[in-house]
Amino acid sequence: MTSIQPIGRLKAKAASEWTESRLGIGFEKLDRGVFEPERAYDKLGKIGVKWVRLQSGWARTEKEPGKYDFKWLDDIVDNLISRGMLPWICLCYGNALYDDFAKEIFGAVGCPPIYTEEQKTAWHNYVVETARHFKGRVKHFEVWNEPDGLWCWKKGVSATDLGNFVIDTAKALKEGNEDCYVIGGSVCTFTATVDYMHEALSTGMGEYIDGITFHEYTYTEENVTQKVCSLRGLCALHGISPEIIQGESGAQSRADGHGAMWEGNWTPRIQAKQLLRHLTIDLLNDVKFTSFFTCVDMIEALNGKVGDLASYLDYGYFGVLGADFNEEGLATGNYTPKPSYYALQNLSSLLGGKLKVMDLPLIFIHEPAPHLGGIMTAKASETIYGGFRLDNGAYAVAYWKPEDLMTTEWTGAVTMKTAIPGEVHLVDPMDGTVYDVTTAETDKYGSTLLKFLPSKDYPLFLVFGQLTMENL
């Protein structure tokens, strides 16, 4: 029987200590001023993620026709860069200067500038200036947010309109910075990776983008593989090969929140498990990078009405940092780390840097586990698993049983046989504990039998090779 003993904890690494990473986090809604970024910068930098998603805030930047004040966004971009992070910008939303409908909507959310020539020209000029202004600091720009949802395309969802809008916006971006990276899609509904995106790509949009984003707010992570495969297959049918990016995936930490999956029985621990499961499956699907929504608790503010404060005091608890709220809905307080903060920090410590997704030589063996009263160890068919080559050359296997997050706190066992070389450790990213793994059996071919290893309903990692840790 394999024995494991706790010997240390993963050593946290700040974003500035990584030259690259596939892990990211959201820093959205500052276009509506819903939280105070100064309170979050240092804590965010210590998580170790690299990619940070911002929203550009056309209405906050252009308050007089043709006059652009980027100071508020400059401060955010520069603070993130100074801490080693890579901001990327989602270009959104509307502007009441050019749209009477947008005058009614808090933050002009869901008001695309596509209905008059004046709107189109104003948007073109704003995008050109944004790309030019941030040249050398921000390279990656995403066109709009969740256009397949009525909350973000309020006059009626249209994939053809989105495709043409992406084409026009991409041209404006390249005019401002010919080296920028253009991202389209940002779709959130389950079928959008087949029907909506097929129609959008039929406009020729695919010729103008470098990446496609999808969003994933679900109780189970098993749909992620379907979405990524569908997007890759759809792009192949259209003769294009943009990189796939997971741009928003998150979960609440309380059961009384607003926004996606509001009806779930969420707790801080369940949020942390959902984070680990979703970000790991994203990486196993070899996305360019993946982003968790979001850094701090804040109001949702997607359907607010100007002058009606109550319409946007809809508090969401998606942050890895907890916040208090003042009477106007601003997130205040000390921005306190939740379990999800430390889970993301541990995942970043382990999977940061140059990461390669790869098949590894291992099989699952189904046999009774005596310490569990003879219950059979989990089969491969009952387990989500996959392999990585880490930044330092070590190999890692992630594995977990996708039990129901809302009803189950599951612990079991697995038995594996593997030919992966190197000293073996088991890592629990929930708290960062590293366990020494002493193997009981090595066969004549040099393969190792790992019997009755712990298995949980969130990813554990077997690491073969060097691992940086701190002593307990």
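About the thresholds
Positions within a chain are numbered from 1, following the residues in the order the chain's sequence is written. With pLDDT at 70 or above as the cut-off, local features in this predicted model cover only qualifying residues; side-chain atom pairs require 80 or more to be listed or tallied, and sums for whole chains, interfaces and linings still use all residues. Only hydrogens and water are removed before side-chain values are computed, so all heavy atoms of the structure are retained for them. Only DSSP runs of H or I reaching four residues or more are called helices, and only runs of E reaching two or more are called strands; each is numbered from the N terminus. For this measure, only C-alpha atoms enter the radius of gyration; the expected value for a globule follows 2.2 Å times N^0.38, where N is the number of residues. Burial classes: relative accessible area under 20% of the type maximum marks a residue as buried, over 50% as exposed, and values in between as partly exposed (1.4 Å probe, protein chains only). Residues count as neighbours in contact if any of their non-hydrogen atoms are within 4.5 Å of one another. Axis lines are fitted through C-alpha atoms, for helices just across the contact stretch, and the angle between N-to-C directions can take any value from 0 to 180 degrees. Angles are sorted into four bins: roughly parallel if under 35 degrees, roughly antiparallel if over 145, roughly perpendicular if 65 to 115, and oblique for all others. Take the far helix as your reference; a near helix turned counterclockwise from it by less than a right angle gives a left-handed crossing, and one turned clockwise gives a right-handed crossing. At least two bridges found by DSSP between two strands are what make those strands a pair. Two aromatic rings, drawn from Phe, Tyr or Trp (for Trp, its six-membered ring), form a pair once their centres lie within 6.5 Å of each other, and the interplanar angle then sorts them: stacked below 30 degrees, edge-to-face above 60, tilted otherwise. The rule for a charge over a ring is simple: NZ of Lys or CZ of Arg within 6 Å of the ring centre, and within 35 degrees of the ring normal.

(A) Quick peek at the overall build of the protein. When its secondary structure is counted, the protein shows nine helices and 26 strands. For 472 residues, the compact-globule formula gives about 23 Å, and the C-alpha radius of gyration of the protein, at 23 Å, lands near that figure. Taken over the C-alpha atoms alone, the protein extends approximately 75 × 50 × 40 Å along its principal axes. Considering the protein as a whole, with its 472 residues, one finds that 59% of them fall into the buried category. Across the protein, contacts joining residues at least 24 apart in sequence account for 76% of those joining residues at least 6 apart.

(B) Just the side chain of N346, in detail. Looking at the element boundaries, N346 is found in helix α9 (residues 339-351). Judged by its relative accessible area of 8%, N346 falls in the buried class. Beyond its immediate chain neighbours, meaning those up to four positions away, N346 contacts L10, P429, M430, D431 and G432.

(C) Quick peek at the packing of helix α8 (residues 268-284) against α9. Interhelical geometry of α8 versus α9 gives an angle of 25° and a closest axis separation of 8 Å. In terms of axis orientation, α8 runs roughly parallel to α9. Helix-helix and strand crossings are classified by hand; for α8 and α9 the assignment is right-handed. Contacts between α8 and α9 involve P268, Q271, A272, L275, L276, L279, T280 and L283 on the former and, on the latter, P339, S340, A343, L344, L347 and L351.

(D) Broad picture of the environment of C92. With respect to the helices and strands, the residue C92 is situated in the loop between β4 (86-91) and α4 (117-133). Judged by relative accessible area, which is 0%, C92 ranks as buried. Along the chain, C92 and Y385 lie 293 residues apart, while their C-alpha atoms are 37 Å from each other. Apart from residues no more than four positions distant in its own chain, C92 is found in contact with Q55, S56, G57, W58, W123 and W144.

(E) Summary view of the sheet that holds strand β20 (residues 411-418). Pairing is antiparallel in the open sheet, where four strands are placed in the order β15-β20-β24-β23. Two strands lie at the open edges of the sheet, namely β15 (362-364) and β23 (441-442), each paired on one side alone.

(F) Spatial organisation of the packing of aromatic side chains. Tallied over the entire structure, the rule returns 26 aromatic pairs. Both rings, one in F27 and one in F35, keep their centres 5.1 Å apart while their planes meet at 80°; by these two values the pair is edge-to-face. When its relative accessible area of 1% is taken as the criterion, F27 is described as buried. Look at Y315 and F325: their rings are 4.5 Å apart centre to centre, the planes differ by 50°, and that puts the pair in the tilted class. With a gap of 10 residues between them, Y315 in strand β11 (residues 315-316) and F325 in strand β12 (residues 321-325) connect regions that are remote in the sequence. Relative accessible area serves as the criterion here: at 24%, F325 is assigned to the partly exposed category. Between K13 and the ring centre of W18, over which it is positioned, the NZ or CZ distance is 3.7 Å. If you follow K155 out to its NZ or CZ, it ends over the ring of Y115, 4.8 Å from the centre.

(G) Focus on the environment of S186. By the element assignment, S186 lies in strand β6 (residues 181-187). For S186, a relative accessible area of 0% gives the class buried.

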